[in-house]
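One letter stands for each residue in the lines below.
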Amino acid sequence: MAIRPTLHIITGQATSDGAGVKMKRLFPVQGIMQIDPFLLFDEFGSDDPGAYIGGFPDHPHRGFETVTYMLAGRMRHFDNKGNSGLLEPGGAQWMTAGRGLVHSEMPEQSDGLMRGFQIWINLPAAEKMVAPRYQDYRPDQIPATTLANGVTLKVVAGTAGGISGPVNGVSRQPLLVDVTLPAGISWRSAVDEEATVLAHVFEGSAEIGERQLDVTQMALLGEGDEIAIKAGPDGARVLILAARPIGEPVARAGPFVMNTRAEIEQAFADYQAGRFE
């Protein structure tokens, strides 16, 4: 087994999106537009309702997938096809936007903590115009296990610690695992050697791939078939994200991600003409 080294550390930058939702953005930022096949990684969270209550009003998507994993608070989504669902603490949604939809994501509480992640994952050209699809999972539908050394794993997609997540039928063979490590404890796990692998520390601190990361820092890992993490003195909570890269040209503008500028212009034309209905 070859342990993946940390090649680069990304530190989250404060920003806002939607109707003023406060968040830390890992990418895209200056110098890092995407990490194939990942297009965006945001960690949102606040105990001030004014920082999130505006939510994410109606907006379109085409050509990629969005992943939302909630840690605290509730988020209701609606779309122009009549679909709706409620994301609860510990729940997840994997939405394949495909050829296009218009949706909103709005908090369903007026006070208390709102916290979670929003991730965008690209689709290959052959799948960009598929029919939209939702996979919504309640907290009790996401399997969890506690290992002998006290490490706890929650698996949304892929397999880790002998359990498999519920996400299915997505093309990049993804892995999404929420790992909680007690102070000073180490954890190692096999990963797809063909995948791009990211490890984001969102509580405590950890040594990942022989480099030290603090809270709101992400490791971009190099080649290998195993990931190794050791928690710092206050423990750690780490989100592991992996998926196979696509290796195709990327054209993006706002909520649309295609392969060419002409396809982006067509997406805007279709949206403005109401063809996302």
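Residues numbered from 1 in each chain as written. Predicted model: local features only at pLDDT ≥ 70, side-chain atom pairs only at ≥ 80, totals over all residues. Heavy atoms only, no water.

Core analysis: the biggest nonpolar cluster contains 29 residues, and Phe27, Phe38, Phe41, Trp94, Ile119, Leu176 and Leu239 have the highest contact counts within it. Secondary structure elements with two or more residues in this core: strand 3 (21–27), strand 4 (38–46), strand 6 (64–72), strand 9 (92–96), strand 11 (114–122), strand 14 (152–157), strand 19 (196–208) and strand 22 (226–243). Sequence-distant contacts of leucine 239, that is, excluding residues within four places in its chain, are made with Phe41, Tyr69, Phe117, Ile119, Leu176, Val177, Asp178, Leu198, Ala199, His200 and Phe202. (Core = buried A, V, L, I, M, F, W, Y, C linked by side-chain atoms within 4.5 Å. Buried < 20%, exposed > 50% of the residue type's maximum accessible area, 1.4 Å probe, protein only. Helix = DSSP H or I, 4+ residues; strand = E, 2+ residues; numbered from the N terminus. Contact = heavy atoms within 4.5 Å.)

This brings us to the sheet that holds strand 7 (residues 75–79). Strand order in the open sheet formed by four strands is 5-10-7-8, and the pairing between neighbours is antiparallel. Looking at strand neighbours, the two that pair on one side only are strand 5 (56–61) and strand 8 (84–87), the edges of this open sheet. Mean inter-strand twist for the sheet, computed between neighbouring axes without regard to direction, equals 20°. Two strands pair when backbone bridges link them, and strand 7 and strand 8 are joined in this way by four bridges, in the antiparallel orientation. Note that in strand 8 the partner of methionine 75 across the bridge is leucine 87. (Pairing = 2+ DSSP bridges. Axes fitted to C-alpha atoms, helices over the stretch in contact; angles between N-to-C directions.)

Of all nine residues making up strand 4, eight are buried, and the element is well covered by its neighbours. Pairing between strand 3 and strand 4: four bridges, direction antiparallel. For methionine 23, the partnering residue across the bridge sits in strand 4 and is phenylalanine 44. Relative to strand 11, strand 4 is paired through eight bridges, and the arrangement is antiparallel. Residue serine 46 lies in a different strand from strand 11, and its bridge partner there is methionine 114.

The values are spatial; any link to function lies outside them.
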